[in-house]
Amino acid sequence: TLSLWLTATTLLVVLFSAACGPKAEEVVTEPVEQVDHQAERFVSDAQKMAGYGYYKTSNHFYSRAIARYEKSKQWEKAIQCYIKMGRNYQKLEKHHIALGSLNQALTISRNHMGYQNLELAKSYKKLGYNYLKDGKHKEALEAYNKALAIQLEALGKNHPEVAKTYNSIALVQW
């Protein structure tokens with residue numbers, strides 16, 4: 001009963017803060033230091049909600065964090081949130097929405113962090129996984145190959161992440 005009470009209390013606190021806090025569309029006017037703190041709180045709440053299986057609520061908090069990260073030009077953190085949102089949508093079996101979230105991560109990575117970025121490689125791998133789940137083998141293979149090219153340049157051919165990507169490519173071709 002204590003566990004149930006803690007879960008219910010946590011959910012009420014999160015829902016209350018969501019109802020009382022600023023919306024993601026609102027302009028963030030706080031200094032960068034406060035924006036970082038607030039965004040981190042949103043990410044923490046998102047992770048808690050995902051841990052409880054509340055993926056839609058989790059994505060709400062990720063969206064709020066993304067708005068703040070983008071405002072303060074913390075691109076890598078924004079990308080990580082988009083990737084986690086995509087993962088949540090995968091768990092909800094909303095693959096088309098997951099692809100949109102992951103494509104946004106790709107766009108930010110290309111525009112603000114340069115092409116050869118490991119977060120971009122991670123996004124390509126997630127896209128490959130989504131395409132594979134949707135039965136789009138050609139697109140999955142293309143996404144995995146793009147991830148592999150980035151990883152080979154950044155990590156070298158003997159890195160474990162490179163091996164995992166080779167394994168994913170083999171699964172698509174099998």
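What you are looking at is a predicted structure, and each value in this text was computed from that prediction instead of being measured.

What counts as what
- Residues numbered from 1 in each chain as written.
- Predicted model: local features only at pLDDT ≥ 70, side-chain atom pairs only at ≥ 80, totals over all residues.
- Heavy atoms only, no water.
- Core = buried A, V, L, I, M, F, W, Y, C linked by side-chain atoms within 4.5 Å.
- Buried < 20%, exposed > 50% of the residue type's maximum accessible area, 1.4 Å probe, protein only.
- Helix = DSSP H or I, 4+ residues; strand = E, 2+ residues; numbered from the N terminus.
- Contact = heavy atoms within 4.5 Å.
- Salt bridge = Lys/Arg side-chain N within 4 Å of Asp/Glu carboxyl O.
- Expected span 1.5 Å × (residues − 1).
- Arc of directions from axis to C-beta.
- pLDDT = per-residue confidence, 0-100.
- Axes fitted to C-alpha atoms, helices over the stretch in contact; angles between N-to-C directions.
- Parallel < 35°, antiparallel > 145°, perpendicular 65-115°, else oblique.
- Left-handed = near helix turned anticlockwise from the far one by under 90°.
- Nonpolar A, V, L, I, M, F, W, Y, C, P; charged D, E, K, R; others polar.
- Polar contact = N/O pair within 3.5 Å; in protein donor to acceptor, adjacent residues only side chain to side chain.

A few points about the nonpolar core
Piece 1. In this structure, Val 43, Tyr 62, Ala 65, Tyr 69, Cys 81, Tyr 124 and Leu 127 are the most contacted members of the largest nonpolar core, which totals 38 residues.
Piece 2. Mapped onto this core, the elements with two or more residues apiece are α2 (32–51), α3 (55–71), α4 (75–91), α5 (95–113), α6 (118–133), α7 (137–155) and α8 (160–173).
Piece 3. Among the elements that make up this core, the one with the highest residue count is α4 (8 residues).
Piece 4. Each residue touching Val 43, except ones within four places of it in the same chain, is listed here: Tyr 62, Ala 65, Tyr 69 and Cys 81.

Some remarks on the pattern of salt bridges
Piece 1. Counting across every chain of the model gives 5 salt bridges.
Piece 2. The shortest N-O distance in the salt bridge between Asp 45 and Arg 41 comes to 3.9 Å. Taken together, the residues Asp 45 and Arg 41, both in helix α2 and 4 residues apart, mark about one turn of the helix.
Piece 3. Classification of Asp 45 as buried rests on a relative accessible area of 9%.
Piece 4. A salt bridge links Glu 161 to Lys 164; the nearest nitrogen and oxygen atoms lie 3.1 Å apart. Here Glu 161 pairs with Lys 164, and both are found in helix α8, just 3 residues apart, close to one helical turn.
Piece 5. What makes Lys 164 partly exposed here is its relative accessible area of 46%.
Piece 6. One salt-bridge network, held together by shared partners, links Lys 125, Glu 161 and Lys 164.

Some thoughts on unusual backbone geometry
Piece 1. Residue Lys 73 is not a glycine yet carries a positive backbone phi of 60 degrees.
Piece 2. In this fold, Lys 73 is placed in the loop between α3 and α4.
Piece 3. The phi torsion at Glu 93 lies on the positive side, around 60 degrees, for a residue other than glycine.
Piece 4. With respect to the helices and strands, Glu 93 occurs in the loop between α4 and α5.

Let's talk about α8
Piece 1. Helix length check: α8, at 14 residues, gives a terminal C-alpha distance of 20 Å against a target of 20 Å (1.5 Å per residue), a fit within 8%.
Piece 2. Every buried residue of α8 is accounted for by Val 162, Thr 165, Ser 168, Ile 169 and Val 172. What you see down the axis of α8 is that its buried residues fit within an arc of 115 degrees, all on one side.
Piece 3. Contact partners of the buried residues in α8: α6 and α7.

Observations concerning the confidence of the model for the protein
Piece 1. Chain-level pLDDT for the protein is 82 on average; 79% of the residues reach the 70-or-more range.
Piece 2. Confidence, expressed as mean pLDDT per element, reaches its minimum in the protein at helix α1 (residues 2–20) with 44 and its maximum at α3 with 97.
Piece 3. This stretch, residues 1–34, has a pLDDT under 50; its non-local contacts, to residues over four places away or in other chains, come to 30 contacts.

Re the packing of α7 against α8
Piece 1. Between α7 and α8, the least distance of the axes is 9 Å, while the angle of their chain directions is 160 degrees. On the basis of their axis angle, the class for α7 and α8 is roughly antiparallel. In this structure, α7 meets α8 at a crossing whose hand is left-handed. Of the residues in α8, those touching α7 at His 137, Ala 140, Leu 141, Tyr 144, Asn 145, Ala 147, Leu 148, Gln 151, Leu 152 and Leu 155 are Glu 161, Val 162, Thr 165, Tyr 166, Ser 168, Ile 169, Val 172 and Gln 173.
Piece 2. Split into classes, the residues belonging to the contact of α7 with α8 amount to 11 nonpolar, 6 polar and 1 charged.

Considerations on the environment of His 159
Piece 1. Structurally, the position occupied by His 159 is in the loop between α7 and α8.
Piece 2. Of note is the side chain of His 159, whose polar atom sits 3.0 Å from the backbone nitrogen of Glu 161.

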